[in-house]
2 protein chains.
Amino acid sequence: MSQRSRQIPEATVARLPVYLRSLAELVDEKTSTVSSERLAEMAGVNAAKVRKDLSYLGSYGTRGVGYDVEYLLFQMSRELGLTHDWPVAIVGAGNLGSALANYGGFTQRGFPVVAMFDSDRQKVDNLIHGVRVFHTDDLASTASKLGVGIGVIATPASAAQDAADKLVAGGVGSILNFAPTVISVPEGVSLRKVDLALELQILSFYQEHRESSE
Amino acid sequence: MSQRSRQIPEATVARLPVYLRSLAELVDEKTSTVSSERLAEMAGVNAAKVRKDLSYLGSYGTRGVGYDVEYLLFQMSRELGLTHDWPVAIVGAGNLGSALANYGGFTQRGFPVVAMFDSDRQKVDNLIHGVRVFHTDDLASTASKLGVGIGVIATPASAAQDAADKLVAGGVGSILNFAPTVISVPEGVSLRKVDLALELQILSFYQEHRESSE
């Protein structure tokens, strides 16, 4: 299963967490089986896509019965690497970094924040929501020592590439970038980007064109 | 141009803000023309895609010269509805909402935060980074009075649908949801979603499968 899953298309990977959340809700409701139609409705996609996506995990369901919720949840968690914790480091201890350190979803979903980094010496050794702040000069060595798997960049745009370089030097294999700039990482390092203003600009496009078409 | 642009594919719309940022950098560098290759490199896509995307705006560049940077920036801003401000309201005055209220990129890029809303009466009338907090009971009427165009949901998952309903009742046409849950809005309302833990789960997938393949 693990071998096969390396060929899972990117778009399917991006939907797995959405299915995971729906399955967790079903477990909470003590629902033991689910149809692809119901799962599709919960996840906001169509049923054919759900069946296709789940087939990549080797899950085909039972005709007339559907999928076993608990087993599918287990399979999905294993594929997503959620059966163990991934230590997270946040670079940038400003407002956004602090909000992220306190984002309940992280620890609860297996992403404990183990360190924060900032270039401001005044912040070093402070605890932010229980997480210790280190100086960015010590980023690579500290990330390596703490076994950080995922680095979150919450710095200003001008400091983002340096943060990425230091994370990579510290052996961090995955980076989530919140800074509003394009950064580059070596082959083999995973990079995803969340640009908050960009999301607003996309909404603005639709807002603009709706109003002008009314 | 505005008429034509209503048929721009979603994926192209999502890239326009990325080009916009690259063009703004070129203006800062006092570069007056740019090739599709250079713009492609800055935006992290291929040159053929850049030419296709820009053709939707009616921009074709000049052979051997490229695109006029300032004019393209103007066209892009107009398409994205960035030639005027879009007032933003943030629902949820917790850590994330507060970080967003202070996110420099918003006001600076034409998205002034004009109000925050929270269900905690203790927070009502507080100023968070200069933005006044109102009670969520007054959301629809206040959003309507202030002409809010975009609503940002930064509440816990359990309060997100209610926040969306109230924003829609207040005439807000675009919603950006940070709460880790699926919400529904009526046809004609634009909805985008940023799920921070989901981004980490996607990274975790790649991290897991890289490690197991080594």
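Novice: Help me understand the relation of the copies chain B and chain A, please; the structure alone is not making it clear to me.
Specialist: Here chain B sits on chain A after a turn of 180° about the axis and a move of 0.0 Å along it, with an RMSD of 0.0 Å. Expressed as a symmetry operation, the mapping of one chain copy onto the other fits a two-fold axis. Within chain B, the C-alpha atom positioned nearest to the axis of rotation is that of Ala-99 of chain B, 3.1 Å from it.

Novice: Sorry, what's going on with helix H4 (residues 47-55) of chain B here?
Specialist: Side chains that are three or four residues apart share a direction in an α-helix, a result of its 3.6 residues per turn. Residue and element names in this part refer to chain B. Within H4 the residues assigned to the buried category are Val-50, Asp-53 and Leu-54. Looking down the long axis of H4, one finds its buried residues gathered within 95° of arc, a one-sided arrangement. Across H4 from its buried face, at more than 90 degrees, point the exposed residues Ala-48 and Ser-55. Buried-residue contacts for H4 involve helix H2 (10-28), helix H3 (36-43) and strand S2 (67-68).

Novice: Would you mind going over helix H3 (residues 36-43) of chain A with me for this structure?
Specialist: Residue and element names in this part refer to chain A. Within H3, the full set of buried residues consists of Leu-39, Ala-40 and Ala-43. Take H3 and look down its axis: the buried residues cluster within an arc of 105°, on one side only. Downstream of H3 by a residue or two, Gly-44 has a phi angle that is positive, lying close to 75°.

Novice: Could you clarify how one ought to interpret the interface of chain B and chain A in this entry?
Specialist: One frequently used descriptor of interface size is the decrease in accessible area upon assembly of the parts. Contacts between the two partners involve 51 residues from chain B, matched on the other side by 51 residues from chain A. Counting only elements with at least two residues in the side of chain B that touches chain A, the list comes to helix H1 (2-5), H2, helix H6 (95-101), helix H7 (104-108), strand S8 (174-177), strand S9 (190-193) and helix H10 (196-213) of chain B.

Novice: I'm lost on the sheet that holds strand S7 (residues 150-153) of chain B in this one. Help?
Specialist: Sheet strands line up and pair through hydrogen bonds in the backbone, either parallel or antiparallel. All names here are of chain B. Pairing is mixed across the open sheet formed by seven strands, whose spatial order is S5-S6-S4-S3-S7-S8-S9. In this open sheet, the two edge strands, each paired with only one partner strand, are strand S5 (127-128) and S9. Bridge count between S8 and S9: four bridges; the pairing is parallel. Bridging across to S9, Leu-176 finds its partner in Arg-192.

Novice: Would you explain the packing of helix H8 (residues 139-146) of chain A against helix H9 (residues 157-169) of chain A in this entry?
Specialist: The description of two packed helices rests on the angle between their axes and on the distance between the axes. All names here are of chain A. Close contact between H8 and H9 brings their axes to 7 Å; oriented N to C, the two are set at 45°. When the axis of H8 is compared with that of H9, the two are oblique. The two elements H8 and H9 cross, and the hand of that crossing is right-handed. Residues Leu-139, Ala-140 and Ala-143 of H8 touch H9, and the partners they reach there are Lys-166, Leu-167 and Ala-169. Here the contact of H8 with H9 is composed, by residue class, of five nonpolar, no polar and one charged.

Novice: Mind showing me how you'd approach the sheet that holds strand S5 (residues 127-128) of chain A here?
Specialist: Residues and elements named next belong to chain A. Ordered by their spatial adjacency, seven strands build an open sheet running S5-S6-S4-S3-S7-S8-S9, and the pairing between neighbours is mixed. Sheet topology places S5 and strand S9 (190-193) at the edges, where each strand pairs with a single neighbour. Bridge count between strand S3 (residues 88-91) and strand S7 (residues 150-153): four bridges; the pairing is parallel. Across the sheet, the residue bridging to Val-88 is Ile-150, located in S7. Across the sheet, H8 is in contact with S3, strand S4 (113-118), strand S6 (131-135) and S7; its angle to S4 comes to roughly 180°. The strands that H9 touches are S3, S7 and strand S8 (174-177); relative to S7, the one it contacts most, it runs at about 170°.

Novice: Would you take a moment to explain the pairing of S7 of chain A for this structure?
Specialist: Within a regular strand, the side chains alternate between the two sheet faces. Every second residue of S7 of chain A is oriented toward a common face, with Ile-150 and Val-152 of chain A on one face and Gly-151 and Ile-153 of chain A on the other, all of them buried. A crossover links S7 of chain A with its parallel partner S8 of chain A, the connecting element being H9 of chain A, and its sense is right-handed.

Novice: In this structure, what is going on with unusual backbone geometry? I would like to understand it.
Specialist: Among all residues save glycine, negative phi is the norm, and among peptide bonds the norm is trans. In the Ramachandran plot, Asp-125 of chain A falls in the positive-phi region, its phi being about 75° despite a non-glycine side chain. When you line up the elements, Asp-125 of chain A lands in the loop between S4 and S5. Notably, His-129 of chain B is not glycine yet its phi reads approximately 45°, a positive angle.

Novice: Just to check I follow, could you spell out the environment of Lys-193 of chain A for this structure?
Specialist: Residue position: Lys-193 of chain A is located in strand S9. As for Lys-193 of chain A and Ile-175 of chain A, which are separated by 18 residues in sequence, their C-alpha atoms are 8.3 Å apart.

Novice: When you look at the packing of H2 of chain B against H3 of chain B in this model, what are you seeing that I'm missing?
Specialist: All names here are of chain B. Orientation of H2 relative to H3, taken along the N-to-C sense of each, is 110°, at an axis distance of 9 Å. Taken together, H2 and H3 sit at an angle that is classed as roughly perpendicular. Note on element contacts: H3 touches H2 through Leu-39, Met-42 and Ala-43, opposite Arg-15, Val-18, Tyr-19 and Ser-22. Split into classes, the residues belonging to the contact of H2 with H3 amount to five nonpolar, one polar and one charged.

Novice: Honestly, the environment of Ser-190 of chain B in this entry has me stumped. Any pointers?
Specialist: By the element assignment, Ser-190 of chain B lies in strand S9. Linking Ser-190 of chain B and Gly-173 of chain B, residues 17 residues apart in sequence, is a C-alpha distance of 6.3 Å.

Reading guide: rules and limits
Residues numbered from 1 in each chain as written. Chains lettered and ligands numbered in written order. Predicted model: local features only at pLDDT ≥ 70, side-chain atom pairs only at ≥ 80, totals over all residues. Least-squares fit on C-alpha atoms with pLDDT ≥ 70 in both. Buried ≥ 20, exposed ≤ 12 C-beta atoms within 10 Å, placed from the backbone. Helix = DSSP H or I, 4+ residues; strand = E, 2+ residues; numbered from the N terminus. Arc of directions from axis to C-beta. Contact = placed C-beta atoms within 7 Å. Pairing = 2+ DSSP bridges. Axes fitted to C-alpha atoms, helices over the stretch in contact; angles between N-to-C directions. Parallel < 35°, antiparallel > 145°, perpendicular 65-115°, else oblique. Left-handed = near helix turned anticlockwise from the far one by under 90°. Nonpolar A, V, L, I, M, F, W, Y, C, P; charged D, E, K, R; others polar. Right-handed = clockwise from strand over helix to strand, strands pointing away.

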